[in-house]
Amino acid sequence: MKSFKKFIKEDIPGIQMRIIMLGGPGSGKSTYSKFLTKEFLIPHVYTGDMMRDLAKQHTPTGRKVRSALDKGDYVDTKIVLDTLQKRLTRKDTERGYVLDGFPRSMEQVKEMEDRNIGYDHVVYLDVAEKEVIRRLMSRGRADDKPEIIKNRIAVYKKQTQPVVDYYKDKLIRIKAEGGEQIEDIAADIIRYIRNRDERI
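All values reported here derive from a predicted model rather than from experimental measurement.

Novice: Just give me the short version of the side chain of Thr77, but keep the residues and values in it.
Specialist: Counting through the fold element by element, Thr77 comes out in helix α5 (residues 77-87). Residue Thr77 is classed as buried on the basis of its relative accessible area, which comes to 9%. Within the structure, the side chain of Thr77 is placed 3.2 Å from the side chain of Glu107, a separation counted as a polar contact. What Thr77 contacts, discounting residues up to four positions off in sequence, is Ser105, Glu107, Gln108 and Glu111.

Right, here's the structure in full:
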């Protein structure tokens, strides 16, 4: 059997692999997204980094984004979608992409659908809250302070859990507690995607 890399290069040049990676803060979305980008030759599209870059700009939008991030809140949907849509027009997304931590709310789901931002698979990293807190506290990022972490988890439960429920029929649910090696969990994700995708 051909590898997916060889398949997309030789058999169907126009095939796309568009993956949504969902999970709470500190669940490992970016870590596993990087395995998928390498396996399927698609870019890692991370709205979190995009928003942090925007927050550094001395503009009204930058200040608005910075204020949301400082409190652990989600950034305004229009700002996120405008930035994301611009990113997805770049040539490297022609074969697909991994959307890391997006969409984060049902408002974003609706806006994503209205703008025809498509997907083929939805991966959900299931991690217990206690483990999430431990990971975030050890990460040492500027916005990983106890009060901000607490609010981020509360916002996630309120805003993002309905998104997980919305995609339940298409969801690839992965336990990512850390008991297994990262490479083994990544291999499981890739295997589930291949098994579900009739094009492969």
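There's plenty left to go through after this.
Novice: Give me the pattern of salt bridges: which residues, what numbers.
Specialist: Enumeration over the complete set of coordinates arrives at 19 salt bridges. When the shortest N-O distance is used, the salt bridge between Lys91 and Glu94 registers 3.4 Å. The class of Lys91 is exposed, set by a relative accessible area of 63%. The structure contains a network of salt bridges with shared partners spanning Lys78, Asp82, Glu111 and Arg115.

Novice: Tell me what's going on with the packing of aromatic side chains, and back it up with residues and numbers.
Specialist: Counting across every chain of the model gives three aromatic pairs. Considering the side-chain rings of Tyr166 and Tyr167, the 5.3 Å spacing of their centres and the 70 degrees angle between planes classify their relative orientation as edge-to-face. A residue is classified by how much of its surface remains accessible, and Tyr166, at 42% relative accessible area, is partly exposed. One aromatic cluster is present, formed by Tyr119, Tyr166 and Tyr167 through successive ring pairs. Above the ring of Tyr192, the side-chain terminus of Arg191 is found at 4.9 Å from the ring centroid.

The rules behind the values
Residues numbered from 1 in each chain as written. Predicted model: local features only at pLDDT ≥ 70, side-chain atom pairs only at ≥ 80, totals over all residues. Heavy atoms only, no water. Helix = DSSP H or I, 4+ residues; strand = E, 2+ residues; numbered from the N terminus. Buried < 20%, exposed > 50% of the residue type's maximum accessible area, 1.4 Å probe, protein only. Polar contact = N/O pair within 3.5 Å; in protein donor to acceptor, adjacent residues only side chain to side chain. Contact = heavy atoms within 4.5 Å. Salt bridge = Lys/Arg side-chain N within 4 Å of Asp/Glu carboxyl O. Phe/Tyr/Trp six-rings, centres within 6.5 Å; stacked < 30°, edge-to-face > 60°. Lys NZ or Arg CZ within 6 Å of the ring centre and 35° of its normal.

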